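# Structural overview for review
One-letter residues, chain by chain:
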Amino acid sequence: MELKFRDYQTEIIKKSTDIFLYGYSNFVYLAMEVRTGKTLTALGICSNLNAKNVLFITKKKAITSIEHDFSLLKPAYYLEVINYESLHKIPQTNWDIVICDEAHSLGAFPRPNLRAKQVKEIFKRSNPYVLFLSGTPTPESYSQMYHQIYGVKGNPFEKHKNFYSFAKTHVKVTQRKINSMMINDYKKGLKSIIEAVNPFKISYTQKLAGFKTQTEEKVLYVELNDITKKVIKRLKRDRVVEGDGEVILGDTGVKLMSKIHQLCSGTVKFESGIAMTVDFSKVNFIKKYFKNKKIAIFYKFTQEYKALKEIYKEELTNDLEEFKTTDKSIALQIVAGREGVSLKEAEALVYYNIDFSATSYFQSRDRMTTKDRAYNKIYWIFSNKGIEADIYKAVVKKKDYTLSHFKRDSLDL
């Protein structure tokens, strides 16, 4: 099988090459929506620039797919594909081009996260051309852009020695109260951030690429066991539930929110660190409702996967290759599976639980999309009167679900 570039990919390859050669900066940001071919386009740009050594940094689950595309494209350069968690293992090679996939994951602020620091060191050693790839460059705040590109020579914020200097010009700094203390909030990044990056950014949408997929979302409600409901009510009232040598503790707002979130999907992690499935209502519902269907399931907590496996047994896998080549359904943790993977073989996408992050909502729900697919069917499995519906109301509006939301909402169980 020979890979061929779509017309728009060929145009993006040429435009990117021109930015590198004549744009006075060492980076290009490909803000291409999922399934529009960011990976193949990036590999084509490397060929066009006559690269010899290319480093592709991505998520672990995406490595196999990238290596497969590379083997089909057969470019002349050497490619090293590695996940962000293994950056400390990178050989001391002089990289001509570094590709940072899912680049928004580098965007923590006001302090850089570990991977942003490690990537910056790689840039410092090789001074390479850099390709940033993301369908959502700044999903929560324009301020997320700074640490993505701060290590690149010629970036538009180079004159700022750190984020705080950058914020004086490009962020409307406000204050918020945490544990009775007022702290600076840097989320209100100004449009000047995006305007500064635009000369080096190429955006492309699924609509422009000819995608006509319609996404249908449906919420299905499940009644929890009476015992589970009583535990949640007692936890809300007393902030602690004891029994059989184990303790469920919700002595802070964050812990209470987390424990109720767990219990609403039938699992809980005790103070001892032991996790347990206490209610199989959701899992049994999923198994029955989607009987004889090949589905992809997203879960939130590790114990939820164990609950799914206990009911599905050998009909369920967490291995992408096994999912693609068998009739088995797949279950992936939401954050781990929301980026860099394709679940196009699934008949439906089923959410056993929901994440607090708006980014997780928008990225994960697009995992089945292909150019030729007419419909995506997405199902949310919520406990009746549980916390999940409140979380859903927040994330669909591009808002993370926070402790303040939880304190405001009434959980009538």
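Structure: see above.
## Some remarks on a nonpolar patch on the surface
- Together, Ile178, Met181 and Ile183 give the surface a local cluster of nonpolar side chains, amounting to about 250 Å² of exposed area.
- Summarising the element assignment, Ile178 is placed in strand 6 (residues 174-178).

## Re the side chain of Lys294
- By the secondary structure assignment, Lys294 is in the loop between helix 10 (281-289) and strand 14 (295-299).
- Despite its burial, Lys294 remains without a salt bridge, the nearest opposite charge being carried by Asp327 at 5.5 Å.
- A polar atom in the side chain of Lys294 sits 2.4 Å from the backbone oxygen of Phe323.
- When residues no more than four places from it in sequence are discounted, the contact partners of Lys294 are Phe323, Thr326, Asp327, Lys328, Ser329, Glu345, Ala346, Glu347 and Ala348.

## A short note on unusual backbone geometry
- The step from Phe109 to Pro110 runs through a cis peptide bond, and the omega angle for that step is 5°.
- Among the structural elements, Pro110 can be located in the loop between strand 4 (97-100) and helix 4 (114-126).
- Unusually for a residue other than glycine, Arg35 sits at a positive phi of about 75°.
- The residue Arg35 is located in the loop between strand 1 (27-32) and helix 2 (38-48) in this model.
- Take Arg35: its relative accessible area is 25%, and that puts it in the partly exposed class.
- Phi at Asn292 takes a positive value of approximately 65°, unusual for a residue other than glycine.
- Within the fold, Asn292 resides in the loop between helix 10 and strand 14.

## What to know about the side chain of Ser134
- Structurally, the position occupied by Ser134 is in the loop between strand 5 (129-133) and helix 5 (146-149).
- Of the residues examined, Ser134 reaches a relative accessible area of 0% and is grouped as buried.
- A distance of 2.7 Å separates the side chain of Ser134 from the side chain of His104, its partner in a polar contact.
- Those residues in contact with Ser134 that lie beyond four places of it in its chain are Tyr29, Leu30, Ala31, Met32, Lys38, Ala103 and His104.

## Some words on the pairing of strand 14
- Across the five residues that make up strand 14, a large majority, five, are buried.
- Side chains Ile295, Ile297 and Tyr299 project from strand 14 onto one buried face, and the interleaved Ala296 and Phe298 project onto a second face that is buried too.
- Pairing of strand 14 with strand 17 (residues 348-351), which is carried by four bridges, proceeds in the parallel orientation. Its bridge partner lying in strand 17, Ile297 is registered against Val350.

## Examining the pattern of salt bridges
- Here the structure, examined in full by the defined rule, presents 14 salt bridges.
- Taking the shortest distance from any N to any O, the salt bridge between Glu388 and Lys282 comes out at 2.7 Å. With a gap of 106 residues between them, Glu388 in helix 15 (residues 387-395) and Lys282 in helix 10 connect regions that are remote in the sequence.
- Residue Glu388 is classed as buried on the basis of its relative accessible area of 0%.
- Look at Lys282 and you get buried, because its relative accessible area is 1%.
- Linked by salt bridges that have partners in common, Arg234, Arg237 and Asp238 make up one network.

## Examining the nonpolar core
- Counting 69 residues, the largest nonpolar core has Ile57, Cys100 and Phe132 as the members making the most contacts within it.
- Ranked by the residues each element gives to this core, the list is headed by strand 1, at six residues.
- Leaving out residues up to four positions away in the same chain, Phe132 has contacts with Phe27, Val28, Tyr29, Leu30, Cys100, Ala103, Leu106, Phe123, Gln148, Ile149 and Val152.
- Residues Ile232, Leu256, Phe382 and Tyr401 belong to the second largest nonpolar core, which totals 39 residues.

## Examining the packing of aromatic side chains
- Enumeration over the complete set of coordinates arrives at 31 aromatic pairs.
- Measuring from centroid to centroid gives 5.7 Å for Tyr29 and Phe132, while their planes differ by 25°, and the two rings are stacked. Of this pair, Tyr29 sits in strand 1 while Phe132 sits in strand 5, and the two are 103 residues apart along the sequence.
- Under the relative-accessibility criterion, Tyr29 is labelled buried at 0%.
- Here Phe132 falls in the buried class, since its relative accessible area comes to 0%.
- Arranged with centres 5.8 Å apart and planes meeting at 25°, the rings of Phe356 and Tyr401 form a pair that is stacked. A residue pair is termed long-range when its members are at least 10 positions apart, and Phe356 in the loop between strand 17 and helix 14 (358-364) and Tyr401 in the loop between helix 15 and helix 16 (403-408) qualify at 45 residues.

Scoring rules and cut-offs
Residues numbered from 1 in each chain as written. Predicted model: local features only at pLDDT ≥ 70, side-chain atom pairs only at ≥ 80, totals over all residues. Heavy atoms only, no water. Patch = residues over 30% accessible without salt bridge, like charges linked within 9 Å, V, L, I, M, F, W, Y side chains within 5 Å. Areas by Shrake-Rupley, 256 points an atom, 1.4 Å probe, with all protein chains shown as cover. Salt bridge = Lys/Arg side-chain N within 4 Å of Asp/Glu carboxyl O. Helix = DSSP H or I, 4+ residues; strand = E, 2+ residues; numbered from the N terminus. Buried < 20%, exposed > 50% of the residue type's maximum accessible area, 1.4 Å probe, protein only. Lys, Arg positive; Asp, Glu negative; His and termini not counted. Polar contact = N/O pair within 3.5 Å; in protein donor to acceptor, adjacent residues only side chain to side chain. Contact = heavy atoms within 4.5 Å. Pairing = 2+ DSSP bridges. Core = buried A, V, L, I, M, F, W, Y, C linked by side-chain atoms within 4.5 Å. Phe/Tyr/Trp six-rings, centres within 6.5 Å; stacked < 30°, edge-to-face > 60°.

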